[in-house]
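# A structural walkthrough
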Amino acid sequence: MNRIILLGDSITAGVIDGFPSTTFTHKLQAKFPQSEFINRGVPGDNTKNAQTRLQADVFEVNPQVVLIFFGTNDAAATDISLEDYKDNLKKMIDMIGSQKVILVTPGLADETLHLDRLDQKMAAYALATREVAHSYNIPLVDWNKVFLLYKENKDQLLQADGIHYSSEAYDLLVETIAPVLKEKLAGLNSLNLYHIK
């Protein structure tokens, strides 16, 4: 069974009405019943802080895949520049191993409630994520691009706080992740069969 770590912030943690929930994890688990999902989303976290918890949250669990999903808090942080964000992603990829990583671009927030997370700024962090994925030749889930397609339905995808996701948003996120993760797992399984022979 493949073990998959979900590494991220409160959005990864599935925060609903202010509290972490199993929403995101359970929806992925239902989509991939033959895999084990371990959620390591920490509310308020960013790429700078996440590096300090890789030993406990990733290495000690020995996963086959690590889904890295940050950017929303990094964009709002005053001590993390866009270049810092890219460097932090690279450091985590180097520590975890590029062969295990899938990157997810950050989504969107309600601009009227979060002036530090305007769509244009989130797009810049999404582009930075794409560039890092390209430089390492690793799989990318372009969630920002998909979220933009549904921008007119933002009220349905975001909770009242304008940043955390509704159940519908998680459905869409899982559907966006699914083909990328499926291809990654297929590659791992074929690799395992090759080694068994």
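Here's what I pulled together on the structure shown here. (Residues numbered from 1 in each chain as written. Predicted model: local features only at pLDDT ≥ 70, side-chain atom pairs only at ≥ 80, totals over all residues. Heavy atoms only, no water.)

### Here we look at the packing of aromatic side chains
Applying the stated criterion across every chain yields a total of seven aromatic pairs. Ring geometry for Trp143 versus Phe147: centroids 5.2 Å apart, planes at 65°, classification edge-to-face. Here Trp143 pairs with Phe147, and both are found in helix α7 (residues 143-149), just four residues apart, close to one helical turn. Of the residues examined, Trp143 reaches a relative accessible area of 0% and is grouped as buried. (Phe/Tyr/Trp six-rings, centres within 6.5 Å; stacked < 30°, edge-to-face > 60°. Helix = DSSP H or I, 4+ residues; strand = E, 2+ residues; numbered from the N terminus. Buried < 20%, exposed > 50% of the residue type's maximum accessible area, 1.4 Å probe, protein only.)

### Brief notes about helix α6 (residues 119-136)
For α6, spanning 18 residues, the distance from its first C-alpha to its last is 26 Å, which sits close to the expected 26 Å at 1.5 Å a residue. Along α6, the positions that sit buried rather than exposed are Asp119, Met122, Tyr125, Ala126, Ala128, Thr129, Val132 and Ala133. For α6, the elements touching its buried residues are α4 (72-76), α5 (82-96), β4 (101-104), β5 (140-141), α7 and α8 (154-157). (Expected span 1.5 Å × (residues − 1). Contact = heavy atoms within 4.5 Å.)

It is worth stressing that arrangement in space is one thing and function is another; only the former is reported here.
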